[in-house]
Amino acid sequence: MRVKYVLSEVFTGLWRNVTMTIAMIITMAVSLTMLGGGLMLFWQIDRMETFFFARVEVSIFLKADITGEQRTALDEELRADPLVDSVEYESKQQAYDNFTQLYEDSPDLVESVKPDTLPESFRVKLKNPEKFKEISERYQDKAGVDDIVDQKELLGRVFSILGSIQSGALIVSIFQGVAALLLVANTIQVAAYSKRREVAVMKLVGASNWFIQAPFVLEAVFAGLIGAILAFAFLFTGWWVMFSEGGRLESLETVLTPVRWQDVLLMLPILAGISALVSAVTGWITLRFYVRV
């Protein structure tokens, strides 16, 4: 009987303040969507770092006037180097073929480049990518070497930018979360005030604080769970449109690690748990310190 009464009071309270309830649900959904997106972006960046840094290479670009003897000597020295895992030579023609394939969607750019304008190079994979400085110092002044580029440094700059975007998304979600918490607290205060006479009567007949507070707390939890479900729906829809088979950004998976649908599904229990816990704690604190029931 008590459970039935509490649940009926929850739905009555939600309907009585339906406008504020809808506003609370929408605010919670937006903040949880931002939070879920930030978490997925964090996992994706971490996965991309692991994937690309494991395949990072050092590019040793050769001078245009390098001789065959110098090229052969450099090739043999690199293959015998204990720091080197593998070596691949890329001729000017191979560099041009790779360039045209990479920028096939920009014909004007491709036409402006000729095979002779691109340098030949050695693509060197290190056993330990952290040893780039030693490799650079060892080969920078070798005959025929023009420049040495560490792909890890370039990737680091890219991931630094992605990390800034990730931090920005999390900061926005935090502000949205604070707004949602304030709205939850305000909604509970209004609901408690509208039922102040009923609460007073219940206190007079000896009802416990838990029995009186439960409907208000459950109202906040229910609204939070609806917001979490909506947030999951937004995230899943975004993933389906962008990254599923036939999605608009599916082609990016040839250069980026795929966004796994398992990560999207994992967002539902995570967001539901966060919203329920935060809503319950906020409701309890509001009733305990701001509303005398």
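Chains are numbered independently. Their residues run from 1 in the order of the written sequence. Residue-level local features of this predicted model are given only where pLDDT is at least 70; pairs of side-chain atoms are given and counted only at 80 or more, and the full residue set underlies all totals for whole chains, interfaces and linings. Only heavy atoms go into the side-chain values, all of them from the structure, while hydrogens and water stay out.

## Focus on the confidence of the model for the protein
- The quantity known as pLDDT measures the predictor's confidence residue by residue, on a range of 0 to 100. Confidence in the prediction for the protein averages 76 pLDDT; 73% of positions are at 70 or higher.
- Secondary structure elements follow DSSP: runs of H or I of four or more residues count as helices, runs of E of two or more count as strands, with numbering from the N terminus. Confidence, read as mean pLDDT per element, is least for helix H1 (residues 2-16) in the protein (58) and greatest for helix H3 (residues 68-80) (89).

## Structural notes on the sheet that holds strand E2 (residues 84-90)
- Pairing between strands is defined by DSSP: at least two bridges between them are needed. Taken together, the four strands give an open sheet; going across it, the order is E2-E3-E1-E4, and neighbouring strands pair in antiparallel fashion. Unpaired on one side and paired on the other, E2 and strand E4 (145-150) mark the two borders of the sheet. Averaged over all pairs of adjacent strands, the angle between strand axes in this sheet comes to 20 degrees, irrespective of strand direction.
- Relative to strand E3 (residues 121-126), E2 runs antiparallel, the two being bridged by six bridges. The partner of Tyr89 across the bridge, within E3, is Phe122.
- Only heavy atoms enter the contact rule, under which two residues are in contact if any of them lie within 4.5 Å. Axis angles are defined between N-to-C directions and span 0 to 180 degrees, where every axis is a line fitted to C-alpha atoms and, for a helix, only to the segment in contact. Sheet strands touched by helix H6 (residues 132-139): strand E1 (58-62), E2, E3 and E4. Its angle to E4, the strand with the most contacts, is close to 175 degrees.

## A look at the packing of aromatic side chains
- Two aromatic rings from Phe, Tyr or Trp, using only the six-membered ring of Trp, form a pair when their centres are within 6.5 Å; if the ring planes differ by under 30 degrees the pair is stacked, by over 60 it is edge-to-face, and anything between is tilted. Counted according to the given criterion, the structure contains five aromatic pairs.
- With a centroid separation of 6.0 Å and an interplanar angle of 35 degrees, the aromatic rings of Phe232 and Phe236 are classed as tilted. Separated by four residues within a single helix, Phe232 and Phe236 lie in helix H9 (residues 209-243), roughly one turn from each other.
- Three exposure classes are used, based on accessible area relative to the maximum for each residue type with a 1.4 Å probe and protein chains only: buried under 20%, partly exposed in between, and exposed over 50%. By relative accessible area, which is 15% here, Phe232 ends up buried.
- By the ring-pair criterion, three or more aromatic residues cluster together here, those being Phe232, Phe236, Trp239 and Trp240.

## Details of the UniProt feature "transmembrane region" (unreviewed entry) in the protein
- UniProt positions are given in the numbering used here, feature names are shortened, and annotations may be inferred rather than shown by experiment. If you check UniProt for "transmembrane region" (unreviewed entry), the listed places come out as residues 20-43, 169-190, 210-243 and 264-287 in our numbering.
- A helix fraction of 100% and a strand fraction of 0% characterise residues 20-43, whose end C-alpha atoms lie 34 Å from each other.
- Spanning residues 169-190, this segment combines 100% helix with 0% strand, and its end C-alpha atoms are found 31 Å apart.

## Some details on a nonpolar patch on the surface
- Together, Val18, Ile22, Ile26 and Val30 make up a nonpolar patch on the protein surface, roughly 300 Å² of accessible area in all.
- On the secondary structure map, Val18 appears in helix H2 (residues 18-53). Grouping into patches uses exposed residues only, defined as over 30% relative accessible area, and leaves out salt-bridged ones; the cut-off is 9 Å for like charges and 5 Å for nonpolar side chains (Val, Leu, Ile, Met, Phe, Trp, Tyr). Methods summary: accessible areas were calculated by the Shrake-Rupley approach with a probe of 1.4 Å, and residue burial reflects only the protein chains presented. When a carboxyl oxygen of Asp or Glu is within 4 Å of a side-chain nitrogen of Lys or Arg, the pair counts as a salt bridge.

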